[in-house]
Every structure is written in structure tokens, then in C-alpha cells.
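A structural walkthrough
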Amino acid sequence: MLTHDKWDEKRIASFMNNQPDYLDVLKWAYQEYQDEIVYACSFGVEGIVLIDLISKVNKEAKIIFLDTGLHFPETYELIEEVKNRYPSLKINMIKPKNSLEDQAKWYGEELWKHNPNLCCHMRKVVPLQEGLADAKAWISGLRREQSLSRSKTEYINKDDKFQKIKVCPLIHWTSEDIMTYIQLNKLPYNPLHDKGYPSIGCAPCTKPVSDQKDSRAGRWAGLSKTECGLHES
Ligand code: SF4
């Protein structure tokens, strides 16, 4: 099994020689890791596409959602809809150890305003570490066109941060590909996408934008922060 501590460039090169597409990558991932791979889904549009694709490869796949307690009601409603549509998928909501009340008591009210990196660390990074504890690999919906920092993402990545293998089947998909897939397959998606939110995270850190060409616009608006810390080395 390809693992973080047994990273094998030659093996990956040989897999890539066959010019795999997104579905080949998903099939490889579930053959390789069986029950030891988890999809960390944010339930954005990429997430909905990946859930549909994953359900075709492994109907009982493990999916985790980092439930910070700060998501939009529309996001929680969408998750319920997805659970009903794919009842055999194992969707697990992972919550941080600290409640929002404790966080406010220890670090001040609205931590996301004065220290969003710490807030993301406690409410997303640490819970993901816990969610991946029994896994050798995880799946992410990163796409190369989303941002400069994501532009070099490969199908199979050595993830030093979580000491896992990170599999990203959608790296070559454009925003248009994603929306076309959703429409063709009549999949549900977060209605906020139609109200000016190209990317949807926690409510306090996600704003609507007038120009939706940048698929990450509106996240941590006004700050230099562009990532929650899950994809940084
Ligand atoms: Fe906190 Fe904002 Fe990060 Fe959510 S996105 S965990 S509210 S800083």
C-alpha cells in the first residue's frame, strides 16, 4: 500500500503513464486503501460532484464533514438532503472538542475576526487530524484553477501536514465542468451559490461577491488569508 512513509515516486509515475482520468483515480484509491480512505467533504459544488462519483465506486465510502458549528443553515440542510439521497454512504459530522462558548471564554468573542488562523486550527485542522486518525489516505476536491496555491496539486499527493496520502481526483475540472455535471445529473447543491457565493465555508468568514469569476472569492474577505490550513504544508 502506498503510504506517507512509503512514498514511491516510481509507482506513481507508472500509474500516471496510463493517463488516468478522475474516475480511474477514484477507483485506484478505493482499491488501494479499501476502508482506510476518507473523503473530507465541505459540501460545496465540488463536494457534491465528488460524492456522486464516489457513490459509483464505493457505495459505503466514509465521508467526513468538519462541523465547526458556524456553517450556514443552507449547508446543514444540504447535508441532510445528501444523506437521504445516498443513504449507504457513511457521512460523519466531526465537531471540534471546544464548544463555541469555551472558545469565546478562553480566546475572546468572535475569534475568527482577530485570529482566524487559530480559529481554523481549532475548528478544522485538529478535527481533521482526528477524523483521519485511522486512515492512510484522504480525498479532497481541490481543483488546480481555484487558486495559485492549488495550481500544482497532483492526483496523488504526499501530504506532510497530516502524514497521509491526499488524493485529488478533480484537479483538471473547471468551474463550468462542475456546474455542468451537477445540472446534467440533477444533483442538489447549496442555494447560496446562486446568491453570489462562489465558495462557501463558515458563515462569519464567507461573503457574497459581485464578480464570481474567482471561485475562492468571498472567503476571509479583507484578509490575506485564503486557506483554512488543511492544504498547507
Ligand atoms: Fe473560524 Fe472562520 Fe476558520 Fe470557520 S472559517 S473555523 S469561523 S476562522
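Located above this text is the structure these notes cover.
Structure report, in brief. (Residues numbered from 1 in each chain as written. Predicted model: local features only at pLDDT ≥ 70, side-chain atom pairs only at ≥ 80, totals over all residues. Heavy atoms only, no water.)

Notes on the overall build of the chain
Scanning the chain from N- to C-terminus turns up eight helices and six strands. The buried share among the 233 residues of the chain stands at 51%. Carbon and sulfur atoms make up 49% of the accessible area of the chain, which amounts to about 11800 Å² in all. Averaging the coordinates of the 32 positive side-chain charges in the chain and doing the same for the 33 negative ones gives two points 1 Å apart. (Helix = DSSP H or I, 4+ residues; strand = E, 2+ residues; numbered from the N terminus. Buried < 20%, exposed > 50% of the residue type's maximum accessible area, 1.4 Å probe, protein only. Areas by Shrake-Rupley, 256 points an atom, 1.4 Å probe, with all protein chains shown as cover. Lys, Arg positive; Asp, Glu negative; His and termini not counted. Charge placed at Lys NZ, Arg CZ, Asp CG, Glu CD.)

Details of the packing of helix H5 (residues 100-107) against helix H7 (residues 116-131)
At a minimum axis distance of 12 Å, the contact between H5 and H7 shows a crossing angle of 145°. Our pair here, H5 against H7, has a crossing hand that is right-handed. Within the contact between the two elements, H5 uses Leu100, Gln103 and Tyr107 and H7 uses Leu118, Cys119, Met122 and Arg123. Partitioned by chemical class, the residues of the contact of H5 with H7 number five nonpolar, one polar and one charged. (Axes fitted to C-alpha atoms, helices over the stretch in contact; angles between N-to-C directions. Left-handed = near helix turned anticlockwise from the far one by under 90°. Contact = heavy atoms within 4.5 Å. Nonpolar A, V, L, I, M, F, W, Y, C, P; charged D, E, K, R; others polar.)

Describing the sheet that holds strand S4 (residues 137-139)
Strand order in the open sheet formed by six strands is S3-S2-S1-S4-S6-S5, and the pairing between neighbours is mixed. At either margin of the open sheet sits one strand with a lone partner, and together these are strand S3 (90-94) and strand S5 (156-159). Across the sheet, the mean angle separating the axes of adjacent strands is 30° when strand polarity is ignored. Bridge analysis of strand S1 (residues 37-40) against S4 gives three bridges, and the strand direction is parallel. Following the sheet pairing, Tyr39 is matched in S4 by Ile139. (Pairing = 2+ DSSP bridges.)

Describing the packing of helix H2 (residues 22-33) against helix H3 (residues 45-57)
Viewed as axis vectors pointing N to C, H2 and H3 meet at an angle of 55°, and their least axial separation amounts to 10 Å. Here H2 lies oblique to H3, going by the angle between them. The chirality of how H2 crosses H3 is right-handed. Residue-level inspection shows Tyr22, Leu23, Leu26, Lys27 and Tyr30 of H2 in contact with H3, the latter providing Leu50, Leu53, Ile54 and Val57. Residue composition of the contact of H2 with H3, grouped by class: eight nonpolar, no polar and one charged. (Parallel < 35°, antiparallel > 145°, perpendicular 65-115°, else oblique.)

Describing unusual backbone geometry
With a phi close to 50°, Gln34 is a non-glycine residue in the positive phi region. For Gln34, a relative accessible area of 54% corresponds to the exposed category. A positive phi is found at Lys186, a non-glycine position, where the angle reads about 50°. By relative accessible area, which is 67% here, Lys186 ends up exposed.

A look at the packing of aromatic side chains
Both the distance between ring centres and the angle between the ring planes are used here to describe each pair of aromatic rings. One pass over the structure, following the stated rule, counts eight aromatic pairs. Residues Phe65 and Tyr76 carry aromatic rings whose centres are separated by 6.4 Å and whose planes lie at 85° to one another, so their mutual orientation is edge-to-face. One end of the pair, Phe65, is in strand S2 (residues 62-66); the other, Tyr76, is in helix H4 (residues 73-85), with 11 residues separating them in the sequence. The rings of Phe15, Trp28 and Tyr33 are connected pair by pair, giving a single aromatic cluster. (Phe/Tyr/Trp six-rings, centres within 6.5 Å; stacked < 30°, edge-to-face > 60°.)

As for H4
Helix length check: H4 (13 residues) gives 19 Å between terminal C-alpha atoms against 18 Å at 1.5 Å per residue, within 8%. Residues of H4 that are buried include every one of Thr75, Leu78, Ile79 and Val82, and no others. Down the axis of H4, the buried set is contained in an arc of 105°. They therefore lie on one face. Facing away from the buried side of H4 by more than 90 degrees, the exposed set consists of Pro73, Glu77 and Asn84. Next to the buried residues of H4 lie H3, S2 and S3. (Expected span 1.5 Å × (residues − 1). Arc of directions from axis to C-beta.)

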